[in-house]
Amino acid sequence: MNILTLDDYRNEFEKSSNRSVSMPIAGTIVWGLVALLSTQFNENISVYILLFATGGIFPIALIIAKIRKENLVSSSNPLAKLMGLCILMVNLLWAVHIPLLLNAPEFVPLSLGIGLGLHWVVYSWIINHPVGIIHAVLRSILIVVAWYLFPNDGLLAISCVIVLTYLISIYQMLTRSVHST
């Protein structure tokens, strides 16, 4: 009987995910588009653009993954299942985002910006590399700083911060050593 180790699952995850950059690339595209559109519309419309645009990250990532030959969804590897559960966890925060939209819409960019990046911590553990922790912590800190430094352009500032953290992470993901055991 062949017993698979955590390292075996990590190696399979690494091989099938082709460095896992489809989601961050899609996120960069979407948040970049949100930043651009936030300069063209008032704050109320821009928040709705943000809500609908972030819903497009996963479908765009699926297209990018197909081009990159990246297995974005896997049911055979328990680490891929864990990542899927983390995405579910992050999406459960819509229970916070929607009441904010209805009662304090100015906080939606803050809550979405931080909330949609929380799964990066688990991704770091899965691949045994700090890129996800760096992303989540840097993203959260810079979002709060941008929120306070640019109170009249919060959505633009937060979107720019998220694009910057995505670009840093994509670079780290593409240039890091991948170890097979």
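See the structure above.
Residues numbered from 1 in each chain as written. Predicted model: local features only at pLDDT ≥ 70, side-chain atom pairs only at ≥ 80, totals over all residues. Heavy atoms only, no water.

**Student:** I tried to follow the overall build of the protein on my own but got confused; where do I start?
**Tutor:** Regarding its fold elements, the protein presents ten helices and zero strands. When the elements of the protein are put in sequence order from the N terminus, they spell out α-α-α-α-α-α-α-α-α-α. Against the globule reference of 16 Å for 181 residues, the protein gives a C-alpha radius of gyration of 17 Å, in line with a compact fold. When its C-alpha atoms are laid out on the principal axes, the protein stretches across 60 × 30 × 30 Å. Within the span of the protein, comprising 181 residues, buried residues form 43% of the whole. Of the contacts made within the protein by residues no fewer than 6 positions apart, 74% connect residues no fewer than 24 positions apart. Split by element, the accessible area of the protein, about 9,800 Å² in all, is 70% carbon and sulfur. The protein carries 9 positive and 8 negative side-chain charges, and their two centres are separated by 11 Å. (Helix = DSSP H or I, 4+ residues; strand = E, 2+ residues; numbered from the N terminus. Rg over C-alpha atoms; globule rule 2.2 N^0.38 Å. Buried < 20%, exposed > 50% of the residue type's maximum accessible area, 1.4 Å probe, protein only. Contact = heavy atoms within 4.5 Å. Areas by Shrake-Rupley, 256 points an atom, 1.4 Å probe, with all protein chains shown as cover. Lys, Arg positive; Asp, Glu negative; His and termini not counted. Charge placed at Lys NZ, Arg CZ, Asp CG, Glu CD.)

**Student:** What exactly am I supposed to notice about the side chain of Glu-14 here?
**Tutor:** Summarising the element assignment, Glu-14 is placed in helix H1 (residues 6-17). Accessibility expressed as a relative area gives 11% for Glu-14, which makes it buried. In contact with Glu-14, not counting residues within four places along its chain, are Arg-19, Ile-127, Arg-176 and Val-178.

**Student:** Looking at this structure, how should I read a nonpolar patch on the surface?
**Tutor:** Judged by side-chain polarity, Val-121, Ile-133, Val-137, Ile-141, Val-145, Leu-149 and Phe-150 come together as a nonpolar surface patch covering roughly 630 Å² of accessible area. Looking at where Leu-149 falls in the secondary structure, it is placed in helix H9 (residues 131-149). Judged by relative accessible area, which is 59%, Leu-149 ranks as exposed. (Patch = residues over 30% accessible without salt bridge, like charges linked within 9 Å, V, L, I, M, F, W, Y side chains within 5 Å. Salt bridge = Lys/Arg side-chain N within 4 Å of Asp/Glu carboxyl O.)

These figures capture arrangement, not role.
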